[in-house]
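# Analysis of the macromolecular model
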Amino acid sequence: WKPLYTQKGGFDWAGGISMKTDENDSPPLSPLTYWSLALTILFTLFVYTMEGSLDARQKRAYQKTEFPKELEQTVAKIDAQGYKQTKKKKKTDDGDDDQKTEKDEKGSTDDKNDDKPLLQQLQEKFKSSQTYGLDKINFGMFASTYDTLESVAFLLTGFLPYTWDLSTRLGNDYFGYTQEQDEIKISLIFLLIVTLVGTVTSLPFELYSTFGIEKRHGFNKQTYGLFFTDKIKSLMLTFLIGAPFVALLLKIIKMGGEYFYVYVWAFMFVFSVVMMTIVPVFIMPLFNKYEPLSDGELKTRIYELAGKLNYPLKKLFVMDGSKRSSHSNAFMFGFGNNKRIVLFDTLMEQVSDDEILAILGHELGHWKLGHTLTNFCVTQVYFGAAFYFFSQCYTSRDLYAAFGFDNPSSSIPTVIALMLFFQTLWAPVDKILSFILTIFSRHCEFAADRFSVDLGMSQMLQSGLCKIHLENLGAMCPDKFYSMYHYSHPPLVERLSAMMALDKKKA
């Protein structure tokens, strides 16, 4: 097979995608040239079919109308335990009007959440959760179908060789660039075109997801103005940061010699550290407002928890997540002794102070157990392995000829070699590694839950997770195989059951 457009023959509408042997090919092309395109498309369709079958399983799960029994039994135990603790607390704090006044002034949802048992709240939101999930999975299946068709169409028509030749012509006509002398500059023009095409084709899907599904279910808070402002900012940052990054990367590969992958790995390590440092401090504030958490009991208790775990917390922020969505979250960042914690304002509205402490106990568990460092190291090993194997096929003429880069008079552009390597030979490896890392991520989540339990926060973490799940309309009956493949966090009922088992063992 070959694309309709190739560098050597241009558009071959008469010959189609059937590759014919050319007597002038020297050396003769190998079977890799003839079958690489077909095998790449076959793998793309295989992944689409496999993931589509998992989507279909999850779709059937979202169509269920009966509240899952296992979740019902598990949450009922949380309610029972919570009732005992509330009753004990009322006996201790009976008549404490000052505390009640302070709670009312805080404006939290503690009272609202205490009005009804968690199980009743989940049951009342079950239908909404199922509808939200069904809308997302249907849209996801449609978007996946389009992405697959687009990918196959781009491969068969020769989008990459055509766009590269177009970039070369534009560079030559307007700037006097030649591929031999200015390959990196032409590569930047090529990536600019590819980025703009990708932005245009993905825009309708992003708009429908944000202003269709998310707005319909009460999550989206964005205006069209804010949406497009974010999009423009993202594109500008992509060009301002991405262009120098790509130029340096390509330069290192071209000048690094036989062992260029070692220098590339070192460059990727430094770039990762730099980006992890500047993104939270300089880039994220371009999109959201970060304000210091106001003085009070919650701030004091968070610093006490951090001190207890020797976590060098320097700053504590509240982010205006409600500016765009009512979804909630919390995260940590920073290097060395300069750590920071960010709470979404939506999270503070949805859960109590005790539950926020328990959630942060879970997040701090990731740090204390070395999960953050482990993930960083795994990422660096991944980069090293990927670029090592790329170095082994970097000069393969046959592989690139299969995708239309068959001009014997010009060398293969490095950026094209990278794109085709990750799209073809590395794609199956990437899928397998991604699945392994998903399994490892769930293992880390269980470990962090266990860490929070050991801090004595089990009950508050369980109720906090239920409330977040409730407010975010999380899946209440996920399909076993779908969640195993896609979920980086274990399903809610599995996490609750694991914590209960730990509580029982401790008791």
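## Let's talk about the environment of leucine 42
- Here leucine 42 lies in helix H1 (residues 31-62).
- When its relative accessible area of 55% is taken as the criterion, leucine 42 is described as exposed.
- In this structure, the C-alpha to C-alpha distance between leucine 42 and valine 152, residues 110 residues apart in sequence, is 9.5 Å.

## Some points on the environment of tyrosine 5
- With respect to the element layout, tyrosine 5 can be found in strand E1 (residues 5-6).
- Linking tyrosine 5 and threonine 157, residues 152 residues apart in sequence, is a C-alpha distance of 5.9 Å.
- Residues within four places of tyrosine 5 in sequence aside, it is in contact with Gly10, Phe11, Thr157, Gly158, Pro161, Tyr162, Asp165 and Gly404.
- At 2.7 Å, the side chain of tyrosine 5 and the side chain of aspartate 165 are in polar contact.

## Details of the pairing of strand E6 (residues 339-344)
- By the criterion of burial, E6 is predominantly enclosed, with 6 of the 6 residues buried.
- By the alternation rule, side chains of E6 split into Lys339, Ile341 and Leu343 and Arg340, Val342 and Phe344, which are all buried.
- Where strand E4 (residues 313-319) lies against E6, 6 bridges are found, and the strand directions are parallel. What sits directly across from leucine 316, in E6, is isoleucine 341.
- Relative to E6, strand E5 (residues 330-333) runs antiparallel, the two being bridged by 4 bridges. Counted as the bridge partner of methionine 332 is isoleucine 341 from E6.
- Here E5 folds back onto E6, and the loop between the two strands holds 5 residues, one of which, glycine 334, carries a positive phi near 120°.

## Quick look at the pattern of salt bridges
- The final tally for this structure, using the stated rule, is 14 salt bridges.
- For glutamate 51, the salt bridge is made with lysine 431, and the minimal N-O distance between the two is 2.9 Å. Note that glutamate 51 is positioned in helix H1 and lysine 431 in helix H16 (residues 426-454), a separation of 380 residues in sequence.
- Take lysine 431: its relative accessible area is 34%, and that puts it in the partly exposed class.
- For lysine 254, the salt bridge identified is with glutamate 183, shortest N-O distance 3.1 Å. Pair noted here: lysine 254 is in helix H8 (residues 224-255) and glutamate 183 is in helix H7 (residues 179-216), with a separation of 71 residues, a long-range link.
- Lysine 254 sits in the partly exposed class, given a relative accessible area of 43%.
- Three or more residues are tied together by salt bridges with common partners; here these are Glu297, Arg301 and Asp354.

## Some points on the environment of tryptophan 164
- Looking at the element boundaries, tryptophan 164 is found in helix H6 (residues 159-175).
- Ignoring anything within four residues of it in the chain, the contact list for tryptophan 164 reads Gln7, Gln179, Glu183, Ile186, Ser187, Phe190, Phe405, Pro413, Val415 and Ile416.

## Overview of the packing of helix H5 (residues 118-157) against helix H17 (residues 458-471)
- For the pair H5 and H17, interaxial distance at closest approach is 10 Å and the crossing angle is 20°. For the element pair H5 / H17, the angle class is roughly parallel. At the point where H5 passes H17, the crossing takes the left-handed sense. Taken together, the residues of H17 that come into contact with H5 (itself represented by Leu118, Gln121, Leu122 and Lys125) are Ser463, Cys466, Lys467 and Leu470.

## Topic: the packing of aromatic side chains
- Going through the model one piece at a time under the given rule, you end up with 40 aromatic pairs.
- Judged by centre distance (6.1 Å) and plane angle (25°), the ring pair of phenylalanine 435 and tyrosine 485 falls under stacked. Of this pair, phenylalanine 435 sits in helix H16 while tyrosine 485 sits in helix H18 (residues 480-486), and the two are 50 residues apart along the sequence.
- The residue whose ring lies beneath lysine 480 is phenylalanine 481, and the NZ or CZ to ring-centre distance is 5.9 Å.

## What to know about the sheet that holds E4
- Reading across the sheet, the 4 strands line up as E3-E4-E6-E5 and stay open at both edges, with mixed pairing between neighbours. Looking along the sheet, the strands with just one partner apiece sit at the ends: strand E3 (290-292) and E5. Ignoring which end each strand starts from, the neighbouring axes of this sheet average 30° apart.
- The sheet strands contacting helix H10 (residues 297-308) are E4 and E6, and the helix crosses E4 at an angle near 140°.
- Along the sheet, helix H12 (residues 353-368) makes contact with E5 and E6, crossing E5 at roughly 35°.

## A few points about helix H15 (residues 414-423)
- Among the 10 residues that make up H15, 7 are buried, leaving the element largely enclosed by the rest of the structure.
- Summarising the contacts, the buried residues of H15 are in contact with H6, H7, H8, helix H13 (371-393), helix H14 (397-401) and H16.

## Quick look at the side chain of aspartate 165
- Mapped onto the fold, aspartate 165 is located in helix H6.
- Salt bridges are absent for the buried aspartate 165, whose nearest opposite-charge side chain, arginine 169, sits at 5.4 Å.
- Of note is the side chain of aspartate 165, whose polar atom sits 3.0 Å from the side chain of glutamine 7.
- With residues up to four places along the chain from it excluded, the contact list for aspartate 165 reads Tyr5 and Gln7.

## Examining the confidence of the model for the protein
- Looking at the protein, the pLDDT average stands at 89 and 89% of residues meet or exceed 70.
- Considering only residues more than four positions removed or in separate chains, one finds that residues 98-113, a stretch of pLDDT under 50, has 18 contacts.

What counts, and where the lines are drawn
Position numbers for residues start from 1 in each chain and track the written sequence from start to end. In keeping with the model being predicted, local features are shown solely for residues with a pLDDT of at least 70 and side-chain atom pairs are shown and tallied solely at 80 or more, while totals for entire chains, interfaces and linings include all residues. Hydrogens and water molecules were not included; the side-chain quantities draw on all heavy atoms of the structure. Where helices and strands are cited, they refer to DSSP runs of H or I of at least four residues and of E of at least two residues respectively, numbered from the N terminus. The buried label applies to any residue whose accessible area, calculated with a 1.4 Å probe on protein chains only, is under 20% of its type's maximum; exposed applies above 50%, and partly exposed to all values in between. We call two residues in contact when some of their heavy atoms are within 4.5 Å. A 3.5 Å cut-off defines polar contacts: any pair of N or O atoms within that distance qualifies, except that in protein one atom must be a possible hydrogen donor and the other a possible acceptor, and neighbouring residues in sequence count only when both atoms are side-chain atoms. Think of it this way: DSSP has to see at least two bridges between two strands before they count as a pair. What counts as a salt bridge is simple: a side-chain nitrogen of Lys or Arg found within 4 Å of a carboxyl oxygen of Asp or Glu. For helices, the fitted axis covers only the stretch in contact; all axes are lines through C-alpha atoms, and the angles between them, taken along N-to-C directions, range from 0 to 180 degrees. Small angles under 35 degrees read as roughly parallel and large ones over 145 as roughly antiparallel, with 65 to 115 read as roughly perpendicular and the rest as oblique. Crossing handedness is defined as follows: a turn of the near helix away from the far one that is anticlockwise and smaller than a right angle gives a left-handed crossing, while the clockwise case is right-handed. A pair of Phe, Tyr and Trp rings is counted when the ring centres sit within 6.5 Å of each other, with Trp represented by its six-membered ring. The angle between the planes then sorts it: under 30 degrees is stacked, over 60 is edge-to-face, the rest tilted. Only when the NZ atom of a Lys or the CZ atom of an Arg is both within 6 Å of the ring centre and within 35 degrees of the ring normal do we say a charge sits over the ring. His is not counted, nor are the chain ends; Lys and Arg add positive charge and Asp and Glu add negative charge. The predictor attaches a confidence to each residue, and that confidence, scored 0 to 100, is pLDDT.

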